[in-house]
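Spelled out from the first residue to the last, the chains are:
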Amino acid sequence: MAISPLSDFAYKQVLTLIETREPDERLPSEDELARRLGVSRPVLRQALARLRTEGWVYARRGSGNFVGKPAAMQSAAFGPLHSIPDVRNFLAFRCLIEGESAAGAARCTDRQLLDDIDRRQRMLEAAWSRGETGIEEDIAFHGAIAAASGNRFFTLTMAALAEQTRVAIKLIRELSPLPMVRRAVDVRLEHRAIGQAIKDGDDAAAREAMLDHLRGGMTRLFGVGEDPK
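Residues numbered from 1 in each chain as written. Predicted model: local features only at pLDDT ≥ 70, side-chain atom pairs only at ≥ 80, totals over all residues. Heavy atoms only, no water.

Peer 1: How should the packing of aromatic side chains be read in this particular structure?
Peer 2: Each aromatic ring pair is described using two quantities: the centre-to-centre distance and the angle formed by the ring planes. Tallying each qualifying case throughout the model produces 1 aromatic pair. Ring geometry for Tyr58 against Phe66: centres 5.7 Å apart, planes inclined by 20°, an arrangement best described as stacked. Its relative accessible area of 2% is what places Tyr58 among the buried residues. Sitting above the plane of the Tyr11 ring, Arg50 keeps its charged end 3.6 Å from the centroid. (Phe/Tyr/Trp six-rings, centres within 6.5 Å; stacked < 30°, edge-to-face > 60°. Buried < 20%, exposed > 50% of the residue type's maximum accessible area, 1.4 Å probe, protein only. Lys NZ or Arg CZ within 6 Å of the ring centre and 35° of its normal.)

What follows is the structure in structure tokens.
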């Protein structure tokens, strides 16, 4: 995932500021932060999007940005995936969380958050086109959806599950009995369906598209369709 030097600078500076604040404390406005750091608002927004994905920051619609609980402080609560049944349960849990996260994102009216979903999706497609795994871009795409849901607990949960998500994606790719080309096409179409439903503002379609994607992952790994609901 390409990160500009200015965006990385803004990310580190805001992170330093966050470390002096308490969880749920409101951060200065974007205009004020951009002025303090001497960067443009688009650069600052890129840094804030990264911080939201990682759980350091969360947004309240109409109220600004607030200090979140770092993912590193939460990941231990979930622990590593220990077995194939554990992976199955993990994917079933993601269905419960991310279906509603996608539905919430479809109801979002914050142009900045919606644009970030679109941008993350384009970055994921670009990574695949370059022949890369796109795992980090995939995680960022799902994180952007959680950020747009309007529920900070979706964002914090997705950030805390980042390592488990990496492991699950790798297992699905390495152990899937389905042909690689078919698998790649299916995954790309599933992500596009999620993005389009959110863009259309159709919460029911967004929920179903996300569930189709996650159930598809279960099918690709275990070879049979499952309904985790």
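Peer 1: Quick question: what am I supposed to make of helix α7 (residues 152-160) here?
Peer 2: An α-helical turn contains 3.6 residues, so a residue and the one three or four places further along point in the same direction. Within α7, 7 of the 9 residues are buried, leaving the element largely enclosed by the surrounding structure. Of the positions making up α7, those classed as buried are Phe154, Thr155, Leu156, Thr157, Met158, Ala159 and Ala160. Buried-residue contacts for α7 involve α3 (41-54), α4 (84-106), α6 (135-148) and α8 (162-175). For α7, the N-terminal capping position is held by Asn151, with its side-chain oxygen 2.9 Å away from the main-chain nitrogen of Phe153. (Helix = DSSP H or I, 4+ residues; strand = E, 2+ residues; numbered from the N terminus. Contact = heavy atoms within 4.5 Å. Polar contact = N/O pair within 3.5 Å; in protein donor to acceptor, adjacent residues only side chain to side chain.)

Peer 1: Looking at this model, I keep getting lost on the pairing of strand β1 (residues 57-60). Mind explaining?
Peer 2: For a regular strand, side chains alternate in direction, first toward one face of the sheet and then toward the other. Bridge analysis of β1 against strand β2 (residues 64-67) gives 4 bridges, and the strand direction is antiparallel. From the neighbouring strand, Ala59 faces β2, where its bridge partner is Asn65. Adjacent in sequence and paired antiparallel, β1 and β2 are bridged by 3 residues, among which Gly62 carries a positive phi angle near 80°. (Pairing = 2+ DSSP bridges.)

Peer 1: Help me understand α4, please; the structure alone is not making it clear to me.
Peer 2: Taking 1.5 Å of rise per residue, the 23 residues of α4 would be expected to cover 33 Å, and the 32 Å separating its terminal C-alpha atoms lies within 8% of that figure. Ile97 marks where α4 bends most, by close to 25°. (Expected span 1.5 Å × (residues − 1). Bend = angle between axes of the 7 residues up to and from the residue.)

Peer 1: Help me understand the nonpolar core in this model?
Peer 2: Across soluble globular proteins, you tend to see nonpolar side chains buried next to one another. Core analysis: the biggest nonpolar cluster contains 20 residues, and Ile117, Ile145, Ile194 and Ile198 have the highest contact counts within it. Counting only elements with at least two residues in this core, the list comes to α4, α5 (111-129), α6, α9 (180-200) and α10 (203-222). It is α10 that contributes the most residues to this core, 5 residues altogether. Not counting chain neighbours up to four residues away, the residues in contact with Ile194 comprise Phe141, Ile145, Ala209, Met210 and His213. Ranked by size, the runner-up nonpolar core spans 19 residues in total, among them Ala10, Val39, Leu44 and Leu51. (Core = buried A, V, L, I, M, F, W, Y, C linked by side-chain atoms within 4.5 Å.)

On their own, these measurements won't tell you what the molecule is for.
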